[in-house]
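# Residue-level structure breakdown
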Amino acid sequence: MTQQEKTQMEERIVDVLKTVYDPEIPVDIYNLGMIYKIDVQDDNTVELEMTFTAPNCPAADFILEDVRTKVESVEGVRSANVNLVFEPAWDQSMMSEEARIELGFE
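Just so we're clear, the structure is a prediction, and the values are computed from it rather than from any experiment. (Residues numbered from 1 in each chain as written. Predicted model: local features only at pLDDT ≥ 70, side-chain atom pairs only at ≥ 80, totals over all residues. Heavy atoms only, no water.)

What follows is about unusual backbone geometry. Glycine aside, a negative phi is what most residues show, and trans is what most peptide bonds show. Here Glu-87 and Pro-88 are connected by a cis peptide whose omega angle stands at -5°. Along the chain, the position of Pro-88 falls in the loop between strand S3 (79-84) and helix H3 (97-102). Even without a glycine there, the phi angle at Asn-44 is positive, about 70°. Looking at where Asn-44 falls in the secondary structure, it is placed in the loop between strand S1 (35-40) and strand S2 (45-50). (Helix = DSSP H or I, 4+ residues; strand = E, 2+ residues; numbered from the N terminus.)

Here you go:
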């Protein structure tokens, strides 16, 4: 897989991640800054690192499964491994400008 193909796949993955929402927050998880890493491997598997806005998120299982299912639906993705991490801890500075405006922080 060329670097250009990896980049295109990452862009498609970002597009589907923008359709995943925490049921309590009206902004997608990508713009919230909850996705820390997207790593497309040469064998078309994807390694993701993500976090939650709070470690005790009641929708954690639902969100993790939604991320995995949607990433695996991207054309060319063989499988996705979603790793939940809490370092660095999520904070509001990780949100996109669009998310901060939507949530009234700016």
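A few words now on the side chain of Lys-6. Following the sequence through the fold, Lys-6 ends up in helix H1 (residues 3-17). For Lys-6, a relative accessible area of 15% translates into the label buried. Those residues in contact with Lys-6 that sit more than four places away from it in its chain are Met-1, Val-40, Gln-41 and Asp-42. (Buried < 20%, exposed > 50% of the residue type's maximum accessible area, 1.4 Å probe, protein only. Contact = heavy atoms within 4.5 Å.)

Relative to the helices and strands, Asp-28 is located in the loop between H1 and S1. The buried charged residue Asp-28 lacks any salt bridge, with Lys-18 as its nearest oppositely charged partner at 6.5 Å. Engagement of the side chain of Asp-28 in a polar contact is seen with the backbone nitrogen of Tyr-30, the distance being 3.0 Å. The residues touching Asp-28, leaving out its near neighbours within four places in the chain, are Leu-17, Lys-18, Val-20 and Tyr-21. (Lys, Arg positive; Asp, Glu negative; His and termini not counted. Salt bridge = Lys/Arg side-chain N within 4 Å of Asp/Glu carboxyl O. Polar contact = N/O pair within 3.5 Å; in protein donor to acceptor, adjacent residues only side chain to side chain.)

Our focus in this paragraph is the pairing of S3. Across six bridges, S2 lies against S3 in parallel orientation. Bridging from a neighbouring strand, Glu-47 pairs with Asn-81 of S3. Traced from S2 through helix H2 (residues 60-72) to S3, the parallel crossover comes out right-handed. (Pairing = 2+ DSSP bridges. Right-handed = clockwise from strand over helix to strand, strands pointing away.)

Attention shifts here to the pattern of salt bridges. For the structure shown, the criterion picks out six salt bridges. Through salt bridges with shared partners, a single ionic network connects Glu-65, Arg-68 and Glu-72.

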